[in-house]
Structures are given as C-alpha cells and as structure tokens.
Amino acid sequence: MSISVFVFVIVAITVVLTLIAIGYFLLYTNVINKALVTRGRKHLHMIPPYKVVISLLIVLIIGAVVLGLIYLPIANRMTSAHDIEKNLREFQVVNDEWNVEVAMSDNIAAALAYDDELTDYTFAIYRSSNDTFRNYEYRYGGHTASVEQSVSVYKYDGTLVLLSMNALHIAKIERHDGESYEIDPNSPFVLVIPSGGFDVYDSDGDLIDLEQDWWYEMRQAD
C-alpha cells in the first residue's frame with residue numbers, strides 16, 4: 001500500500017464516520033422533536049450526539065494508528081518492475097527519455113537504462129532477502145566495461161543476471177538444459193535466468209565464445 005492509498009483509506013473512513021454522525025444527529029433531532037410534541041409518552045432513549053461524535057473520533061484515531069503501524073513500514077517497498085524503474089530513474093537521475101529494461105525473479109532484480117543512440121547507459125542490481133514480504137533493495141550499479149563491451153553476469157542464490165549493451169549483437173541465449181531466450185541483436189538486454197551453463201549465438205546462429213572475450217565478466221552478487 002502506497003502513501004497515497006493509505007491517505008485515501010483514512011479519508012474514506014473519515015467520510016463514512018462523518019456520514020454516520022450526521023445521520024445519528026438527524027435521527028436524534030427527530031426523536032427530540034417528537035418528544036417535545038407528544039409529552040407524557042415513552043420515547044426512544046438515545047445517547048447524546050456529542051458522545052457519539054467522541055466515540056467515532058476514538059474509532060477513527062485507533063483505526064488510523066493501526067493502519068499506520070501495519071502499512072507505513074512497508075509503504076515504500078519495491079515489489080514490481082514499475083517500482084524498480086522508478087527507483088532507478090530517481091536514484092541514478094536517469095533521463096526521462098531513456099529506455100529502461102527490468103528483469104526480476106523472487107530474490108533478485110536488475111535494471112538497465114540507456115539512451116536511444118546507445119551511447120550512454122547505467123544499470124542497477126537489487127536483492128530481496130525477505131521471505132515474507134518481497135522487497136527489493138538496491139545493492140550496486142553504474143557502469144562497467146563488461147556491460148558496455150560484452151556481457152556482465154551476476155550469480156546469486158541459484159540465479160544468473162545477464163546485462164549487456166549488446167555490442168556483440170547476441171541474438172539468442174541457450175541454457176544447457178535446452179531452454180532458450182531470443183534477443184534483439186541490435187538492442188541492449190537484461191535477463192534473469194536459473195543458474196547453470198549457457199551459450200550465446202549471433203543472428204546467423206554462430207556460437208559466440210564469451211570465455212574468449214576479454215571484456216566478459218562473471219561475478220558473485222553480494
């Protein structure tokens with residue numbers, strides 16, 4: 001729940017309680033008027049409106065405190081690709097016109113931002129260590145020669161993150177278990193796949209030997 005949603009809920013509850021108070025006041029007024037007109041008869045005993053208003057205010061305060069204790073600590077959690085992109089643009093001051101690609105799994109996410117001319121870029125790695133509530137946290141990012149010139153691979157908890165501006169014009173990534181991923185050979189990419197061996201191919205289907213590429217890098221994500 002975001003801050004705006006939290007505020008909306010509080011406002012909605014306030015409106016509902018206000019309507020209840022107004023309705024009660026009108027009912028109370030109606031009963032009092034009838035009592036004044038028909039003296040000597042038994043009439044419905046009602047609680048004074050000010051006591052009802054105080055009770056509703058107490059309910060509102062308790063409700064706001066409970067909702068605040070539950071939701072405010074997690075209001076700024078990053079749980080989606082949209083959250084990751086927003087954080088990247090704000091934290092690394094990414095131009096609004098830049099493209100942003102996001103890939104994620106349950107425990108790690110990565111984002112790659114770049115301009116249309118493919119002359120500048122930045123990337124970021126996020127990790128989620130909370131098993132109950134997914135919450136990605138920024139770990140590191142910026143620029144590396146491997147992302148710019150080749151492929152940068154980060155290993156973390158049974159997952160591989162591949163980031164590249166695709167200077168090698170990779171068209172397909174194929175894992176050794178047979179699963180493959182099609183890539184636009186003329187566009188940067190970010191990919192999150194299960195750990196294990198993989199091969200990369202160009203648009204002609206020829207194998208690209210990353211192990212022989214000076215700029216290729218594989219490292220353990222912290």
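Residues numbered from 1 in each chain as written. Predicted model: local features only at pLDDT ≥ 70, side-chain atom pairs only at ≥ 80, totals over all residues. Heavy atoms only, no water.

Turning to the overall build of the protein chain, a few remarks are in order. Along the protein chain, the regular secondary structure elements total 4 helices and 12 strands. A separation threshold of at least 6 residues defines the contact pool for the protein chain, and within that pool the share at least 24 residues apart is 50%. A total accessible area of about 13,400 Å² is found for the protein chain, and carbon and sulfur atoms account for 57% of it. (Helix = DSSP H or I, 4+ residues; strand = E, 2+ residues; numbered from the N terminus. Contact = heavy atoms within 4.5 Å. Areas by Shrake-Rupley, 256 points an atom, 1.4 Å probe, with all protein chains shown as cover.)

The next point concerns unusual backbone geometry. At D157, a position not held by glycine, the phi torsion is positive, near 50°. The topology assignment puts D157 in the loop between β5 (152-156) and β6 (159-164). Even without being glycine, H169 reaches a positive phi, approximately 55°. Considering the arrangement of structural elements, one finds H169 in the loop between β6 and β7 (170-175).

Our focus in this paragraph is the nonpolar core. In terms of nonpolar packing, the biggest core is built from 18 residues, with L112, F123, I125, Y154, V161 and L163 touching the most fellow members. When residues of this core are traced back to their parent elements, those giving at least two are β2 (108-114), β3 (121-127), β5, β6 and β9 (189-194). For this core, the element with the most residues is β2, which contributes 4 residues. If you look at the next biggest cluster of nonpolar residues, it comprises 16 residues, including F189, L191, F198 and V200. (Core = buried A, V, L, I, M, F, W, Y, C linked by side-chain atoms within 4.5 Å. Buried < 20%, exposed > 50% of the residue type's maximum accessible area, 1.4 Å probe, protein only.)

The strand order β8-β7-β10-β11 describes an open sheet built from 4 strands, whose pairing is antiparallel. Of all strands in the sheet, those bounded by a partner on one side alone are β8 (180-182) and β11 (207-208). With 2 bridges joining them, strand β10 (residues 198-202) and β11 adopt antiparallel strand pairing. In the sheet register, V200 faces β11, and the bridge partner there is I208. (Pairing = 2+ DSSP bridges.)

On to a negative patch on the surface, then. Taken together, the side chains of D96, E97, D116 and E117 present a region of like negative charge at the surface. Structurally, D96 can be placed in the loop between α3 (81-91) and β1 (99-104). The class for D96 is exposed, based on a relative accessible area of 68%. (Patch = residues over 30% accessible without salt bridge, like charges linked within 9 Å, V, L, I, M, F, W, Y side chains within 5 Å. Salt bridge = Lys/Arg side-chain N within 4 Å of Asp/Glu carboxyl O. Lys, Arg positive; Asp, Glu negative; His and termini not counted. Charge placed at Lys NZ, Arg CZ, Asp CG, Glu CD.)

With 6 of 6 residues buried, β6 lies mostly within the body of the structure. Side chains T159, V161 and L163 project from β6 onto one buried face, and the interleaved L160, L162 and S164 project onto a second face that is buried too. Bridge count between β5 and β6: 5 bridges; the pairing is antiparallel. Residue pairing in the sheet places K155 in a bridge with L160 of β6. Hairpin geometry of β5 and β6 is characterised by an intervening segment of 2 residues between the two adjacent antiparallel strands and by a positive phi of about 50° at D157. Note: β6 against β9, 6 bridges, orientation antiparallel. By the bridge assignment for β9, L160 is matched with I193.

The subject of this paragraph is the pattern of salt bridges. Taken as a whole and assessed by the stated rule, the structure comprises 4 salt bridges. Taking the shortest distance from any N to any O, the salt bridge between R89 and E85 comes out at 3.0 Å. Residue R89 and its partner E85 are located together in helix α3, separated by 4 residues, close to a single helical turn. Between D177 and R175 there is a salt bridge; the shortest N-O distance is 2.6 Å. Ionic contacts of the salt-bridge type, sharing partners, join the residues R175, D177 and E179 into one network.

A separate point is the confidence of the model for the protein chain. Looking at the protein chain, the pLDDT average stands at 84 and 85% of residues meet or exceed 70. Across the protein chain, β7 holds the top mean pLDDT of 96, while helix α1 (residues 3-37) sits lowest at 75. (pLDDT = per-residue confidence, 0-100.)

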